[in-house]
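The lines below spell out each chain.
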Amino acid sequence: MKNLLFYLVYGIIYLLSLLPLWVHYLFSDLIYVVVYHLLHYRVDMVRKHLADSFPEKSEAERREIEKGFYGWFCDYLVETLKLLTMSKRQLRRRMVFRGTELIDQTVADGQSCAVYLGHYCNWEWVTSLPLWVSPEAQCGQIYHALENAIFDRLFLKLRQRMGAVCIPMAETLRRIVKYRQEGREVVIGYISDQTPFWNNIHHWLDFLNHDTPVLTGTERLARQTGHAVFYLDVRCVRRGYYEAEFKLITRDPKAMKEFEITDSYFRQLEESIRRAPQYYLWTHNRWKRTHEEFNIRYDPATGHVSLEYDLEKLKREKGLI
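Every chain is numbered independently, its residues counted from 1 as its sequence is written. Local features are withheld for residues below a pLDDT of 70 in this predicted model, meaning they are given only at 70 or higher, and side-chain atom pairs are given and counted only at 80 or more; totals for whole chains, interfaces and linings count all residues. Hydrogen atoms and water are omitted, and side-chain values are computed over all heavy atoms in the structure.

1. What to know about the overall build of the chain
Argument step 1. Counting from the N terminus, the helices are DSSP H or I runs at least four residues long and the strands are E runs at least two residues long. Along the chain, the regular secondary structure elements total 12 helices and 11 strands.
Argument step 2. All radius of gyration figures rest on C-alpha atoms, and the globule criterion is 2.2 Å times the number of residues raised to 0.38. Computed over the C-alpha atoms, the radius of gyration of the chain is 21 Å, within 12% of the 20 Å expected from 2.2 N^0.38 for a compact globule of 321 residues.
Argument step 3. Expressed along its principal axes, the backbone C-alpha trace of the chain runs to roughly 60 × 55 × 50 Å.
Argument step 4. Partly exposed describes any residue whose relative accessible area lies between the buried limit of under 20% and the exposed limit of over 50%, with all areas from a 1.4 Å probe on protein chains only and scaled to the type maximum. The burial tally for the chain puts 51% of its 321 residues in the buried class.
Argument step 5. The contact rule is simple, with two residues in contact once any of their heavy atoms fall within 4.5 Å. Of all intrachain contacts in the chain linking residues separated by at least 6 positions in sequence, the fraction that spans at least 24 positions is 75%.
Argument step 6. Exposure was quantified through the Shrake-Rupley algorithm and a 1.4 Å probe, taking into account, for residues, occlusion by the shown protein chains and nothing else. When the accessible area of the chain is evaluated, it comes to approximately 16300 Å², of which 55% is carbon and sulfur surface.
Argument step 7. Residues scored as positive are Lys and Arg, those scored as negative are Asp and Glu, and His as well as the terminal groups of each chain are ignored. By convention, the charge on Lys lies at NZ, on Arg at CZ, on Asp at CG and on Glu at CD. Side-chain charges in the chain split into 44 positive and 40 negative, and the spacing between the mean points of these groups amounts to 6 Å.

Following this line, the structure appears as structure tokens:
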């Protein structure tokens, strides 16, 4: 039954995906009216994030960013749908990579690459990287399985169409070791601007005017495996056209200070966002975990963080109320 339902959904989306991209953008304009003007999808959250991130901007300036964000967000939805049937030629024309010679040279030197990117511009089209780099490297991206099994299968198809493999987060190191044993270098993309769970918070930094807990797993993996580390700086040139430039952070991660790689990534991601803030995923509740609440949950005696949700109880136990 699940297989039948998947192929039904897949067939419908596949047929829709065959429509020309200009038709998809007409749909995007209609979706924009519904999502932004009628449903007000997460508008309050977006406004708060923009106000906190850009206090120096006027209300009118932030409102323009807000409108631009919802316009791009709707474009992202239809562009992702279109990815199901886009040709290699069309993708190469619309998603251009710069600095791939750095990747090819690193791979030729016998070193794999870890590539940082964020929820910025069209990260789904970044899966077309195998069309640009040496076939000697296996391209891949770390992914979280979606709760809906049907859409999880659909997105796996989307993201692996051009030869990149999706690697479940829990299997990352195992897969890297496997490719190394096979004598093959890897180029793996890590979208590392998600919110860590309470018990996985090890580092805080200033990001977009917020005291922000950040994931440090990519840095730890790079140190453990000796992978060269890059930041992928993505730009939207015009509607439906993107450029992504590889910027080297380090080829010797073990020589970097603790969290220095993570700090460099977030600093460069913030520069990208400030350059054109409408292309960041502002609907994501990025700052739902606060340092104040972390301090309440954290027990310095054990080094553990309480996962309980009764904050009043935790405050009483710590004598805060």
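Moving on from the model shown.
2. What about the environment of Phe259?
Argument step 1. Tracing the backbone through its elements, the reader meets Phe259 in the loop between β9 (241-250) and α10 (260-275).
Argument step 2. Each C-alpha atom of the pair Phe259 and Trp204 lies 9.7 Å from the other, and the pair is 55 residues apart in sequence.
Argument step 3. Contact partners of Phe259, with chain neighbours within four places excluded, come to His202, His203, Thr216, Glu219 and Arg223.

3. Let's talk about the environment of Arg274
Argument step 1. When you line up the elements, Arg274 lands in helix α10.
Argument step 2. With relative accessibility at 35%, the residue Arg274 sits in the partly exposed group.
Argument step 3. Considered as a pair, Arg274 and Ser53 are 221 residues apart in the sequence and their alpha carbons are 9.5 Å apart.
Argument step 4. What Arg274 contacts, discounting residues up to four positions off in sequence, is Ser53, Phe54, Glu56, Leu208 and Asn209.

4. Re the packing of aromatic side chains
Argument step 1. The pairing test for Phe, Tyr and Trp rings, Trp by its six-membered ring, is centres within 6.5 Å, and the orientation test on the planes gives stacked under 30 degrees, edge-to-face over 60, and tilted for anything in between. Applying the stated criterion across every chain yields a total of 27 aromatic pairs.
Argument step 2. Note on Phe69 and Trp72: the rings are 5.9 Å apart at their centroids and 45 degrees apart in plane angle, and the pair reads as tilted. Of the two residues, Phe69 and Trp72 both sit in helix α4 (residues 59-82), three residues apart, roughly one turn of that helix. Each member of the pair, Phe69 together with Trp72, is buried.
Argument step 3. An angle of 55 degrees between the planes, with centres 6.1 Å apart, marks the rings of Tyr231 and Tyr265 as tilted. Note that Tyr231 is positioned in strand β8 (residues 228-238) and Tyr265 in helix α10, a separation of 34 residues in sequence.
Argument step 4. Relative accessible area serves as the criterion here: at 0%, Tyr265 is assigned to the buried category.
Argument step 5. The positively charged end of Lys57 is found above the aromatic ring belonging to Phe54, 5.7 Å away from the centroid.
Argument step 6. The ring of Tyr179 carries the charged tip of Lys178 above its face, separated from the ring centre by 5.5 Å. Either the NZ atom of lysine or the CZ atom of arginine qualifies as a charge over a ring when it sits within 6 Å of the ring centre and within 35 degrees of the ring normal.

5. Quick look at the environment of Thr106
Argument step 1. With respect to the element layout, Thr106 can be found in helix α6 (residues 100-108).
Argument step 2. Considering only alpha carbons, one finds Thr106 and Leu205, 99 residues apart in sequence, at a separation of 30 Å.
Argument step 3. When sequence neighbours within four positions are dropped, the list of residues in contact with Thr106 reads Gln111, Ser112, Cys113, Ala228, Phe230 and Arg251.

6. Considering the pattern of salt bridges
Argument step 1. We count a salt bridge whenever a side-chain nitrogen from Lys or Arg sits within 4 Å of a carboxyl oxygen from Asp or Glu. This model, assessed by the stated rule, comprises 18 salt bridges.
Argument step 2. Salt-bridge contacts for Glu56 lead to Arg274; the nearest nitrogen and oxygen are separated by 3.7 Å. Of this pair, Glu56 sits in the loop between α3 (43-53) and α4 while Arg274 sits in helix α10; the two residues are 218 residues apart in sequence, bridging distant segments of the chain.
Argument step 3. When salt bridges with common partners are traced through the structure, they connect Arg47, Glu59, Arg62, Arg63 and Glu66 into a single cluster.

7. Details of α6
Argument step 1. By the burial criterion, the buried members of α6 are Thr100, Ile103, Thr106 and Val107. Buried residues along α6 cover an arc of 120 degrees about the axis, so they all sit on one side. Away from its buried face by more than 90 degrees, α6 exposes Glu101 and Ala108.
Argument step 2. Buried residues in α6 make contact with β1 (95-98), β2 (113-117), β3 (137-143), β5 (185-191), β8 and β9.
Argument step 3. Looking one or two residues past α6, Gly110 carries a phi angle of roughly 85 degrees, positive in sign. In this description, the arc belongs to the directions extending from the helix axis to the C-beta atoms.

8. Things to note about the sheet that holds β3
Argument step 1. The pairing criterion is simple: DSSP has to find at least two bridges between the two strands. The seven strands are arranged β1-β9-β8-β2-β5-β3-β4 in an open sheet whose pairing can be described as mixed. The two strands at the open ends of the sheet, each matched to only one other strand, are β1 and β4 (165-168). Between one strand axis and the next, the sheet turns by 30 degrees as a mean value, whatever way the strands run.
Argument step 2. Where β3 lies against β4, four bridges are found, and the strand directions are parallel. Note on β4: the bridge partner recorded for Tyr143 is Pro168.
Argument step 3. In this description, a line fitted to the C-alpha atoms serves as the axis of each element, helices being fitted only across the stretch in contact, and the angle between N-to-C directions of two axes falls anywhere from 0 to 180 degrees. Set on the sheet, α6 makes contact with β1, β2, β3, β5, β8 and β9; between it and β8 the angle comes to about 155 degrees.

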